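For reference, the chains in residue letters:
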Number of protein chains: 2
Amino acid sequence: GLQLDPQNPDSLAQARMDFYSQLGTETDKYLLGKMYFDTKEYDRCAYHLKDCKGSIPNFLRLYAQYMAGEKRREEEGQGVLASTDGVTTNNQLVSIIQECTKLLARFPQDPYLLYLYGVVMSKQNNYKEAIEVLVRSLVIQPYNWSCWMEILTCMSHIDGLDSIVKRLPKQLVTTKMFIVVCHQVFCQPLDLVQNFIEELETIFPQFHYLTIQKALLNYHNLGYAEAEQIFDHVINLDPHRLDDMDAYSNILYVME
Amino acid sequence: GLQLDPQNPDSLAQARMDFYSQLGTETDKYLLGKMYFDTKEYDRCAYHLKDCKGSIPNFLRLYAQYMAGEKRREEEGQGVLASTDGVTTNNQLVSIIQECTKLLARFPQDPYLLYLYGVVMSKQNNYKEAIEVLVRSLVIQPYNWSCWMEILTCMSHIDGLDSIVKRLPKQLVTTKMFIVVCHQVFCQPLDLVQNFIEELETIFPQFHYLTIQKALLNYHNLGYAEAEQIFDHVINLDPHRLDDMDAYSNILYVME
């Protein structure tokens, strides 16, 4: 796994070196598999990596298997004969759970295998176990933002936040960022996270994703003028940004 | 640019370090731009990198601009009102040529800027100048296979091969590979490249792309049984491979 210290720029180069030294003799095989993955040839990627021993290529193999299943699920969900009640499921999930369990017995501290296991649990609507294993992944690798976002999809209410956060270092920027996003998604009062936002803005002064969280919190709290002003500012700096444009459009409509 | 010595595995780690040290203070900006590029947000990528000074981010910026133009060209080429005579052109080409020329004055030895310049020349059907500049790129960075393949699209006949190859080191594996592919594409006799194929097979014993060239050369020379046998072998090892399946299908049809 990639272990980063954001305070130390050299740690990125070091992490990259560690990553490849961990791959060892499977580096070439992994790199070709990664190419197949990047060009969305998921079945080919999984097959290519089938005999690998290390945790990194095995994670990629199972993740490719998962993506292959998602791709087929989406294709089957289209067309006139498709069910429209969301019943179409990823037919790879059971096999991935079995293989992931075996691999986790050999690599119990691999944060990416834990993450994938959590994703699959979440897709099976087993939210409680999903959150449990995703938090275990974050304790080891707290900078995997996809893992935080998967936890969010497992939460039905802001009430679950405390029990998740108390298991993770409070000083982590990602913990603070997650608290802000959680309050935004569940339409909580802005002043509950005002301090977190100000602190994060000091660390990341030009981070549009964070700025937009502030705009959305204002929007949910009926601060339309403030929200519009923030959106205008971000769009001026990042004019091709598409994320959250639906909210911006709503704000402009409401203010008309 | 990434300078590799395939004989030395450590050169890959070294090349990676050199790459990031060349990016210097623009590393973060480049990495975010690369993320936009990888998610096909080409306009956003180009805009994000607009104030960069180094040759690497500027190459990515212009390449993103090129891809944005290609994407729009493809979109405009669809639908009932689209011209079907291939007249739709990438409207970014003129601007890319101007900017590439300026950048090449500052970075005359950058193989990727030379490559992009060649691609744009090729898209403007200026094949002679395209080949000229693409060969200059390969002299500096002979492992950019896309550059070799762009030269191939500029060639109308096998006769052009000699004047290209004589400007490049004969001992390079990519030069030898190009000679094989060129003979295959222009349906030349198999025995002209038999020695090259055997030599390359010794260096890359499991390289399916090379093996398939042999199959296609057999196919063009009416050796259907041999071609089918090679295809069967490769498909057995790489069952999800899609490349050249049209040729395989033709072979099976002819042999029926």
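What you are looking at is a predicted structure, and each value in this text was computed from that prediction instead of being measured. (Residues numbered from 1 in each chain as written. Chains lettered and ligands numbered in written order. Predicted model: local features only at pLDDT ≥ 70, side-chain atom pairs only at ≥ 80, totals over all residues. Heavy atoms only, no water.)

### A short note on the overall build of chain A
Step number 1: Scanning chain A from N- to C-terminus turns up 14 helices and 0 strands.
Step number 2: Taking the principal axes of the C-alpha coordinates as reference, chain A spans close to 60 × 55 × 35 Å.
Step number 3: Relative to its 256 residues, chain A shows a buried fraction of 45%.
Step number 4: Long-range contacts, defined here as pairs at least 24 residues apart, represent 54% of the contacts in chain A between residues at least 6 apart.
Step number 5: Of the accessible surface of chain A, which amounts to about 13,800 Å², a share of 54% is contributed by carbon and sulfur atoms. (Helix = DSSP H or I, 4+ residues; strand = E, 2+ residues; numbered from the N terminus. Buried < 20%, exposed > 50% of the residue type's maximum accessible area, 1.4 Å probe, protein only. Contact = heavy atoms within 4.5 Å. Areas by Shrake-Rupley, 256 points an atom, 1.4 Å probe, with all protein chains shown as cover.)

### Examining the relation of the copies chain B and chain A
Step number 1: The two copies are related by a screw operation: chain B maps onto chain A through 180 degrees of rotation and 0.0 Å of translation along the axis, at an RMSD of 0.0 Å. On this basis, the relationship between the two copies can be described by a two-fold rotation axis.
Step number 2: In this assembly, 100% of the residues forming the interface of chain B have copies in chain A that are likewise at the interface, indicating an isologous arrangement. (Least-squares fit on C-alpha atoms with pLDDT ≥ 70 in both.)

### Side note on the interface of chain B and chain A
Step number 1: Each side of the interface is counted separately: chain B has 17 residues, and chain A has 17 residues.
Step number 2: At the boundary of chain B with chain A, total buried surface from both sides reaches about 1,400 Å², with 57% on carbon and sulfur atoms.
Step number 3: Broken down residue by residue, the surface that chain B buries against chain A is led by B:R44, B:Y47 and B:H240, which jointly contribute 40%.
Step number 4: Linking chain B with chain A are 4 salt bridges, by the criterion used here.
Step number 5: Between A:D243 and B:R44 there is a salt bridge whose closest N-O contact spans 3.6 Å.
Step number 6: Inspection of the chain B/chain A interface yields 2 residue pairs in polar contact (both at pLDDT 80 or more).
Step number 7: Of all the elements in the fold, those that place two or more residues in the side of chain B that touches chain A are α1 (10-23), α2 (27-38), α3 (42-48) and α13 (224-237) of chain B. (Buried area = accessible area lost by both parts, 1.4 Å probe. Salt bridge = Lys/Arg side-chain N within 4 Å of Asp/Glu carboxyl O. Polar contact = N/O pair within 3.5 Å; in protein donor to acceptor, adjacent residues only side chain to side chain.)

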